[in-house]
Amino acid sequence: MEEVLEDLIRSYREPYLQKDILGISDLSSSSIKIFEHVFLYAKFYKITIHSNVLPGFQNKICQVLKNLVLQDLTTKSGLLKNINPEIFSSYIAYAIFGLIVEWVNGNYSYTPAYMSEQLIGILSYTTFIT
């Protein structure tokens, strides 16, 4: 489980490695590695989502994602105005995990690249909602 979580962290951070500040326009489907990570550990995620073999592990995944978002916000303080960083990081973490759950429940019917494109599209769309 620790190996999976360590790889999840590496995969999440991949697009940020060469950037101080990462904008949505800087993202490409090839730069997002989190869905490749999930696909690599497809059986693990399927078991995690569909059974009680690893109780609480879904929450652990979301907590890891939340902490990653929070770390990014902490190092780039001032990016959010009037938004609680804890609430914002929870929103992002559970949104990403929700995409993973839907993908697993759909039996990985889409490629990791397609899922990455969808994530970019969703992030781009939500920034334009007024």
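Draft legend 1. Layout of the confidence of the model for the protein chain. Within the protein chain, residue pLDDT values average 83, and 79% of them lie at 70 or more. The secondary-structure element of the protein chain with the lowest mean pLDDT is helix 6 (residues 112-127), recorded at 84, while helix 2 (residues 34-40) shows the highest, at 96.

Draft legend 2. Looking closely at the pattern of salt bridges. Evaluation of the coordinates by the stated rule reveals three salt bridges. Between Asp-7 and Arg-10 there is a salt bridge whose closest N-O contact spans 3.3 Å. Of the two residues, Asp-7 and Arg-10 are both situated in helix 1 (residues 2-13); the distance of three residues between them amounts to about one turn of the helix. The shortest N-O distance in the salt bridge between Glu-36 and Lys-33 comes to 3.9 Å. In this structure Lys-33 comes out as partly exposed when scored by relative accessible area, which is 24%.

Draft legend 3. Representation of the environment of Phe-97 in the model. Inspection of the secondary structure assignment puts Phe-97 in helix 5 (residues 85-105). Those residues in contact with Phe-97, other than ones at most four positions away along the chain, are Ile-49, Gln-58, Ile-61, Cys-62 and Leu-65.

Draft legend 4. Region of interest: the packing of aromatic side chains. Within the structure shown, the criterion is met by seven aromatic pairs. Taking 5.7 Å as the distance between ring centres and 80 degrees as the angle between the ring planes, the aromatic pair formed by Phe-35 and Trp-103 counts as edge-to-face. Of the two residues, Phe-35 is situated in helix 2 and Trp-103 in helix 5; the sequence distance between them amounts to 68 residues. In this pair, the class of Phe-35 matches that of Trp-103, namely buried. Plain terms: the ring middles of Tyr-110 and Tyr-114 are 4.6 Å apart, the flat faces sit at 25 degrees to each other, and that makes the pair stacked. The class of Tyr-110 is partly exposed, set by a relative accessible area of 44%.

Rules and cut-offs
All residue numbers refer to position in the chain's written sequence, counted from 1. Whole-chain, interface and lining totals are the exception, using all residues; otherwise, since this is a predicted model, local features are given only for residues with pLDDT of at least 70 and side-chain atom pairs are given and counted only at 80 or more. The side-chain values count all of the structure's non-hydrogen atoms but skip hydrogen atoms and water molecules. A residue's pLDDT is simply how confident the predictor is in it, with values from 0 to 100. Labels follow the DSSP assignment, with helices taken as runs of H or I lasting at least four residues and strands as runs of E lasting at least two, numbered in each case from the N terminus. Salt bridge, as applied in this entry: a Lys or Arg side-chain nitrogen positioned within 4 Å of an Asp or Glu carboxyl oxygen. Burial classes: relative accessible area under 20% of the type maximum marks a residue as buried, over 50% as exposed, and values in between as partly exposed (1.4 Å probe, protein chains only). Note on contacts: a residue pair is in contact if any heavy atoms of the two residues lie within 4.5 Å. Geometry of aromatic contacts follows a simple scheme: Phe, Tyr and Trp rings, the Trp one being its six-membered ring, pair when their centres are within 6.5 Å, and the pair is stacked under 30 degrees between planes, edge-to-face over 60, tilted otherwise.

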